[in-house]
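Descriptive analysis of the structure
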Amino acid sequence: AQSVTQLDSHVSVSEGTPVLLRCNYSSSYSPSLFWYVQHPNKGLQLLLKYTSAATLVKGINGFEAEFKKSETSFHLTKPSAHMSDAAEYFCVVRLTGGGNKLTFGTGTQLKVEL
Amino acid sequence: DVKVTQSSRYLVKRTGEKVFLECVQDMDHENMFWYRQDPGLGLRLIYFSYDVKMKEKGDIPEGYSVSREKKERFSLILESASTNQTSMYLCASTSYQGLIANQPQHFGDGTRLSIL
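A brief report on the enclosed structure follows. Not measured: the values here are computed from a predicted model.

Reading the values: the criteria
- Residues numbered from 1 in each chain as written.
- Chains lettered and ligands numbered in written order.
- Predicted model: local features only at pLDDT ≥ 70, side-chain atom pairs only at ≥ 80, totals over all residues.
- Heavy atoms only, no water.
- Pairing = 2+ DSSP bridges.
- Helix = DSSP H or I, 4+ residues; strand = E, 2+ residues; numbered from the N terminus.
- Axes fitted to C-alpha atoms, helices over the stretch in contact; angles between N-to-C directions.
- Buried < 20%, exposed > 50% of the residue type's maximum accessible area, 1.4 Å probe, protein only.
- Contact = heavy atoms within 4.5 Å.
- Disulfide = S-S within 2.5 Å.

Overview of the sheet that holds strand 7 (residues 64–70) of chain B
Residue and element names in this part refer to chain B.
- Read from one edge of the open sheet, 4 strands run 1-3-8-7, paired in antiparallel fashion. The open sheet has two edge strands, strand 1 (4–6) and strand 7, and neither has a second partner. Pairwise comparison of adjacent strand axes, ignoring direction, gives a mean angle of 20° for this sheet.
- Pairing of strand 7 with strand 8 (residues 73–78) involves 5 bridges; the strand directions are antiparallel. Within strand 8, the position partnered with S65 by the bridge is I77.

Here it is, written out as structure tokens:
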């Protein structure tokens with residue numbers, strides 16, 4: 001079985017400060033991991049993905065995430081938050097060779113304040 | 001760019017009605033998915049289809065059915081709508097090769113459905 005836990009349902013940062021959104025996964029096999037972002041009244045947009053290549057993954061809009069197998073984590077970071085980063089973020093796991101099934105975290109709402 | 005279009009952004013229906021949610025993708029993708037999104041629960045898979053006329057149940061299929069008569073179109077059907085089906089519904093698609101290569105699913109903008 002696979003699962004993903006987003007440790008914070010809400011995160012609030014000031015503009016220009018670093019962002020850290022935490023994600024831990026559970027998987028019996030080598031997983032593929034994704035971060036998606038959802039802006040209000042919009043569908044989900046892919047930020048970045050990990051598929052067993054480099055453990056540090058760079059995505060769009062200055063986001064990156066590091067796959068740490070020993071900690072079963074895939075935390076999302078950004079050095080400097082922008083107001084436009086305010087959105088909901090989902091960590092997603094898919095088993096390698098696991099067919100169509102994605103497992104979504106419950107989401108982290110990021111608030112960016114002036 | 002892949003375009004996944006959901007026919008309605010907002011929909012209000014009454015309890016007991018039969019409700020159709022439509023999704024169309026323009027990239028000839030084999031795989032299509034229906035999710036519902038609820039606060040604090042993330043996205044949960046209702047049904048998916050990996051080819052025309054093929055369907056498989058996801059995690060929460062009860063109260064729903066689907067139809068895939070054409071490759072580009074995947075319909076979600078609420079046979080007899082109930083208030084607990086009030087939710088945001090998201091459609092997604094990906095190609096067969098994309099699935100093998102761990103490409104992401106492409107999402108529509110969602111339909112916010114209210115059942116009164």
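Some remarks on the pairing of strand 8 of chain B
Residues and elements named next belong to chain B.
- In terms of burial, strand 8 is largely enclosed, as 5 of its 6 residues are buried.
- Of the strand pairs in this sheet, strand 3 (residues 19–25) and strand 8 are connected by 6 bridges, and their pairing is antiparallel. Counterpart to E22 in the pairing with strand 8 is S75.
- Taken together, strand 7 and the strand that follows it, strand 8, pair antiparallel across an intervening segment of 2 residues.

Considering the side chain of Q85 of chain B
All names here are of chain B.
- By the secondary structure assignment, Q85 is in the loop between strand 8 and strand 9 (87–94).
- Residue class for Q85 comes out buried when judged on its relative accessible area of 4%.
- The residues touching Q85, leaving out its near neighbours within four places in the chain, are R36, G63, Y64, L78, S80, L113 and I115.

Details of the state of the cysteines
- This structure, assessed with the given rule, holds 2 disulfides over all chains.
- In this model C23 of chain A forms its disulfide with C91 of chain A; the gap between the sulfur atoms is 2.0 Å. With the S-S dihedral at roughly -65°, the linkage between C23 of chain A and C91 of chain A falls on the left-handed side. Here C91 of chain A lies in strand 10 (residues 87–95) and C23 of chain A lies in strand 4 (residues 23–26), a separation of 68 residues in the sequence. A single burial state applies to C23 of chain A and to C91 of chain A, both of which are buried.
- The disulfide bridge from C23 of chain B ends at C91 of chain B, spanning 1.9 Å between sulfur atoms.

On their own, these measurements won't tell you what the molecule is for.
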